[in-house]
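# Tertiary structure, described
Residue strings, one per chain:
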Amino acid sequence: MSKLPVIAIDGPAASGKGTIARRIATALGFAHLDTGTLYRVVGLSVLRKGGDPADSGAANTAVESLDLSLLEDPALRAHSTGVAASKVAAISSVREALLSFQQDFAAHPPGGKGAVLDGRDIGTVICPAATVKLFVTATPEVRAHRRFLELTTHGTSITEAEVLADIRARDARDSERAIAPLKQARDAHLLDTTHLDIEAAAVRALDIVLAVLRT
Ligand code: CDP
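Attention in this report is confined to the structure presented alongside it. (Residues numbered from 1 in each chain as written. Predicted model: local features only at pLDDT ≥ 70, side-chain atom pairs only at ≥ 80, totals over all residues. Heavy atoms only, no water.)

### With respect to the site of the ligand
How we decide: Proximity criterion: a residue is near a molecule or strand once any of its heavy atoms comes within 4 Å of it. For this analysis, a polar contact is any N or O atom pair within 3.5 Å, provided that within protein one partner can donate a hydrogen and the other can accept it, and provided that sequence-adjacent residues contribute only side-chain to side-chain pairs. Reported accessibility uses the Shrake-Rupley method at a 1.4 Å probe radius. Residues are deemed covered only where the shown protein chains occlude them. We place a 1 Å grid over just the protein atoms. Points where a 1.4 Å probe fits but has no way out form a cavity, open points with protein on both sides within 12 Å along at least 5 of 7 lines form a pocket, and any residue with an atom within 4 Å of a point lines it. Whether a molecule lies in a cavity or pocket depends on its atoms, and more than half of them have to be within 2 Å of the grid points. Only DSSP runs of H or I covering at least 4 residues are called helices, and only runs of E covering at least 2 are called strands; the numbering of each starts at the N terminus.
Close to the ligand lie 19 residues; Arg40, Arg95, Arg147, Arg170 and Asp174 are nearest. At 2.9 Å, a side-chain N or O of lysine 17 approaches an oxygen atom of the ligand. The contact in question runs from an oxygen atom of the ligand to an N or O atom on the side chain of arginine 177, over 3.0 Å. Coverage of the ligand by the protein amounts to 97% of the 530 Å² it exposes when considered alone. A majority-of-atoms criterion places the ligand in the largest pocket. Counting residues per element, the shell around the ligand draws most heavily on helix H2 (residues 36-48), at 3 residues.

### Details of the nonpolar core
Heads up, the rule is: Joining through side-chain atoms within 4.5 Å is the link that ties buried Ala, Val, Leu, Ile, Met, Phe, Trp, Tyr and Cys residues into a set, and such a set is a nonpolar core. Under the scheme applied here, a residue whose accessible area is under 20% of the maximum for its type counts as buried, over 50% as exposed, and between as partly exposed, the area being computed with a 1.4 Å probe on protein chains only.
Ile7, Ile9, Ile20, Ile24, Val116, Leu134 and Val209 are the most contacted members of the largest nonpolar core, which has 18 residues in total. Of all the secondary structure elements, the ones that give two or more residues to this core are strand S1 (6-10), helix H1 (17-28), strand S4 (132-137) and helix H9 (198-214). Of all the elements, H1 adds the most residues to this core, at 5 residues.

### Examining empty space enclosed by the protein
Put simply, the rule is: Grid points are joined across faces, edges and corners, and a volume is the space filled by probe spheres set on the points. In this classification, the charged set is Asp, Glu, Lys and Arg, the nonpolar set is Ala, Val, Leu, Ile, Met, Phe, Trp, Tyr, Cys and Pro, and all remaining amino acids, among them Gly, are polar.
A full pass over the atoms with the stated rule returns 1 cavity of 30 Å³ or more. If you add up the space inside the largest cavity, you get close to 40 Å³. Lining the largest cavity are Ala8, Asp10, Gly123, Thr124, Lys133, Leu134, Phe135, Lys183, Ala185 and Ala188. Those elements that place two or more of their residues in the lining of the largest cavity are S1, helix H6 (122-126) and S4. The element contributing the most residues to the lining of the largest cavity is S4, with 3 residues. By residue class, the composition of the lining of the largest cavity is 5 nonpolar, 2 polar and 3 charged.

### Describing the layout of surface pockets
Taken as a whole, the largest pocket encloses approximately 700 Å³ of empty space. Lining the largest pocket we find 37 residues, and of these Ala14, Lys17, Gly18, Arg77 and Arg147 sit closest to its centre. Ranked by the residues each element gives to the lining of the largest pocket, the list is headed by helix H7 (residues 140-153), at 5 residues. Residues belonging to the lining of the largest pocket are distributed by class as follows: 10 nonpolar, 11 polar and 16 charged.

### A short note on the side chain of arginine 177
As a reminder of what qualifies: Contact between two residues is taken to exist if any of their heavy atoms lie within 4.5 Å; hydrogens are not considered.
Residue position: arginine 177 is located in the loop between helix H8 (160-176) and strand S5 (189-192). Only 3.0 Å separates the side chain of arginine 177 from the backbone oxygen of isoleucine 179, close enough to count as a polar contact. Polar contacts involving the side chain of arginine 177 include one to the main-chain carbonyl oxygen of alanine 180, which spans 2.8 Å. When residues no more than four places from it in sequence are discounted, the contact partners of arginine 177 are Ala89, Ala90, Arg95, Arg120 and Leu182.

### Section: the packing of helix H4 (residues 79-88) against H8
Basically, it comes down to this: Geometry is summarised by axes, namely lines fitted to C-alpha atoms with helices restricted to the contacting stretch, and by angles between N-to-C directions that run from 0 to 180 degrees. Between 65 and 115 degrees an angle is taken as roughly perpendicular, under 35 as roughly parallel, over 145 as roughly antiparallel, and anywhere else as oblique. Each crossing is labelled by how the near helix is turned from the far one, with a counterclockwise turn of less than a right angle marking it left-handed and a clockwise turn marking it right-handed.
At a minimum axis distance of 10 Å, the contact between H4 and H8 shows a crossing angle of 20°. The orientation of H4 relative to H8 falls into the category roughly parallel. The hand of the H4/H8 crossing is left-handed. Here H4 contributes His79, Gly82, Val83, Ser86 and Lys87 to the contact with H8, which in turn contributes Asp166, Arg170, Arg173 and Asp174. The residue makeup of the contact of H4 with H8, split by class, is 1 nonpolar, 3 polar and 5 charged.

Put into C-alpha cells, the structure is as follows:
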C-alpha cells in the first residue's frame, strides 16, 4: 500500500496554525490532530492534582495514565493550561511517551485518506518525511493581540500586556528547550500571517498544500 499524504503544520502560539490545519483537513477530507491538546491534557492533569508542571515526576505520572476525558474539559483551552502545557512539553520523557501516538495517527489516520497534524515539532521530529510542511508565524505583538481577543471573548480577565509577556516567555521556552525545539524545518514553506486575516492565511496555506500534492 502506498503511503498516505501527511501535512505537517508547525508554528508558535496564536500564529493561526490550528485554524489553518482544520481548514486544510476539511478541504481535503483528511483527519486532523491538534498535538498541542495532548500536552494540554498532561499540563491540566498536573494542575488538577495540585502539582508543578515543570516537575518531571508529576508530569510522568500524568502522561502514564493519560486522562483523555480532559479533551472535553473547557479548561483545556484556558490560558493557564497553555502555560502548563509548555512546561510539561520541555520534559523529554513526556515527549517520548506521546511520540508513537502521534506517529500512528499520521500513518493510519481515521478515514484512511491522509492526515494533518499541527504542533511545534511535526515537520522536524514527528513526521520528518511529511508530504507538505508549513511553518506558520506572525510577530509576537500580532499574536498577543489575537490571543487577547480570543481569551477576553471567552470571559478571561487579562491585559494585552500580560498576554504578550506570556507569549514571549512561551516562545522562549518552546524555542530554547533541548529536545524537539520549535523551529522551521529546512524544507518547510514559511507562511507569515502578520498582515493576513485568518481567511486569507487559510487560502494561502491551502494553495501551497494543493500545489505540492499536485506535483
Ligand atoms: O494554541 P497554542 O499554540 O497556544 O498552544 P498549543 O498548540 O495547544 O500548545 C501548547 C503547548 O504545548 C505549546 O506551548 C508547546 O510547548 C507544547 N507543544 C509542543 O511542545 N509540541 C507540540 N507538537 C505541540 C504543542
